[in-house]
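Structural overview
Read off the chains here:
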Amino acid sequence: MKKTSFLTLEKARQIIREIPTPFHIYDEAGIRQRARDLKAAFCWNPGFKEYFAVKATPNPYILQILKEEGCGCDCASYTELLLAEAVGVTGHEIMFSSNVTPEEDMRKALELGAYINLDDATHVEFLERITHGKVPETVCLRYNPGGSFSLGNTIMDMPRDAKYGMTEDQMAGAINRLMALGTKHFGIHAFLASNTTTNEYYPQLAANLFRLAIRLRNATGAHISFINLSGGVGVDYRPEQPCCDIMAIGAGVQREYNNILVPQGMDDIAIYTELGRFMLAPFGHLVSTVLHQKHIYREYIGLDACAANLMRPAMYGSYHHITVLGKEDAILDHVYDVTGGLCENNDKFAIERSLPEIEVGDILVLHDTGAHGFSMGYNYNGKLRSAEVLLKPDGSFQLIRRAETPRDYFATFDGTEFHFSD
Ligand SMILES: *Cc1c(COP(=O)(O)O)cnc(C)c1O
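Reference entry: report on the structure contained in this document. (Residues numbered from 1 in each chain as written. Predicted model: local features only at pLDDT ≥ 70, side-chain atom pairs only at ≥ 80, totals over all residues. Heavy atoms only, no water.)

1. Side note on the site of the ligand
Near the ligand lie 14 residues; those nearest to it are K55, E274, G276, R277 and H372. Take E274: an N or O atom from its side chain is 2.7 Å from a nitrogen atom of the ligand. For the ligand, an oxygen atom lies 2.8 Å from a polar atom in the backbone of R277. (Near = heavy atom within 4 Å. Polar contact = N/O pair within 3.5 Å; in protein donor to acceptor, adjacent residues only side chain to side chain.)

Structure, rendered in structure tokens:
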């Protein structure tokens, strides 16, 4: 499918007059619609809730919009917990899915009344110590089935190589210990494949976790109150890629629920998700201006954005579609490497990409940067994090995070003997 930008050249120019590039911009209408579509796909499950993976887009304005659409927050660190708290997301609206958890983080999650998702069996003792034996009434446990995770003939991922979760035996042991300490309800969580583009990932994962829930109930007598399918539903980064159909995914999970859980009398189990990418990626763009062009052994387009603003291409070789605003319908008769200015040759947003003829000053949109975009940013080469902008349904826009300044970069030297000019 042809990828189109939610920004026009005219709108981009209007924004750039106030907020210079580079910046990330988010489409509020798209985000709200996505949250509603997800809810509709799981409306058959009365307890359904999405806990948005805060790491994907850690901006309180975004979390606020999602909260208004009924979503909670999936947090993995102290700072992410503070973000949730700041937008009034507390208690069981927070899923604390951390690993290698510092004590301070666990204390904060407990203080907020979050659902605690334990990554390891040894964390039972850790929880017991921190709470002086007053463990929460509901605890979630993260499962690692080991081996490989396959859909049909396709190996999706290798859980046996993943650092997350615990074995089934460890889960049964953890449940027994927690029940002895007073825990009454249990959740089960697993994240077995990332950025999946098949509608069968969630249903297959759900089926595995439903069967596990039955075995654990039978082994321990525990009440399983929710199954957390975590993240992993993907998006179509490439125009030719198929798109996940969330209604089909929801129906697939319902099919397994009815086949596996309902005959066991386990029809009070709530389904939770912790989607990040699926919720936000398509509704964010990185907007950047062409600073330079060079012609050596290849044709290069140099942008004012770099891998410090969007790390995925440099880190994973990920594809991000590019639209040259105002040239949406021009023929793609030029081949360019589109780069940032880091002193690293992997700082390329696109390699040998067919694009329309580009001139200095053109405004480029990098698509699908709404999740794991800004949030993976870093400060290499003294590059500063960009602004974040919200495009509202009425066409107006709001700066929801200003760009960093050199002062921000130097702030951690405050109180030292050095002085920096701005
Ligand atoms: C990263 C992560 C998510 C979100 O993953 P997406 O691929 O963005 O959907 C959810 N849960 C946990 C525990 C994660 O680490």
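2. Considering the packing of helix 2 (residues 28-41) against helix 3 (residues 60-68)
One can describe the packing of helix 2 onto helix 3 by two numbers: an axis separation of 9 Å at closest approach and a directional angle of 40°. Of the possible angle classes, the one that applies to helix 2 and helix 3 is oblique. By crossing handedness, the relation of helix 2 to helix 3 is classed as right-handed. Across the interface between the two elements, E28, I31, R32 and A35 of helix 2 pack against I62, I65, L66 and E68 of helix 3. Class assignment for the residues of the contact of helix 2 with helix 3 results in five nonpolar, no polar and three charged. (Axes fitted to C-alpha atoms, helices over the stretch in contact; angles between N-to-C directions. Helix = DSSP H or I, 4+ residues; strand = E, 2+ residues; numbered from the N terminus. Parallel < 35°, antiparallel > 145°, perpendicular 65-115°, else oblique. Left-handed = near helix turned anticlockwise from the far one by under 90°. Contact = heavy atoms within 4.5 Å. Nonpolar A, V, L, I, M, F, W, Y, C, P; charged D, E, K, R; others polar.)

3. Some thoughts on the pairing of strand 10 (residues 223-228)
By the criterion of burial, strand 10 is predominantly enclosed, with five of the six residues buried. As judged from the five bridges shared by strand 9 (residues 185-189) and strand 10, these two strands associate in the parallel manner. Looking at the pairing, F186 lines up with I224 of strand 10. For the crossover from strand 9 across helix 8 (residues 201-220) to strand 10, the handedness is right-handed. As for the winding sense of the linkage, the β-α-β connection from strand 10 through helix 9 (residues 246-261) to strand 11 (residues 270-273) is right-handed. (Buried < 20%, exposed > 50% of the residue type's maximum accessible area, 1.4 Å probe, protein only. Pairing = 2+ DSSP bridges. Right-handed = clockwise from strand over helix to strand, strands pointing away.)

4. What about the packing of aromatic side chains?
Tallied over the full model, the rule gives 15 aromatic pairs. Taking 5.7 Å as the distance between ring centres and 85° as the angle between the ring planes, the aromatic pair formed by F149 and Y201 counts as edge-to-face. With F149 in strand 7 (residues 149-151) and Y201 in helix 8, this pair connects stretches of sequence that are 52 residues apart. Side by side, F149 and Y201 carry an identical accessibility label, which is buried. Aromatic pair F210 and Y257: ring centres 5.7 Å apart, planes at 85°, arrangement edge-to-face. Here F210, found in helix 8, pairs with Y257, found in helix 9; they are 47 residues apart in sequence, far enough to count as distant. (Phe/Tyr/Trp six-rings, centres within 6.5 Å; stacked < 30°, edge-to-face > 60°.)

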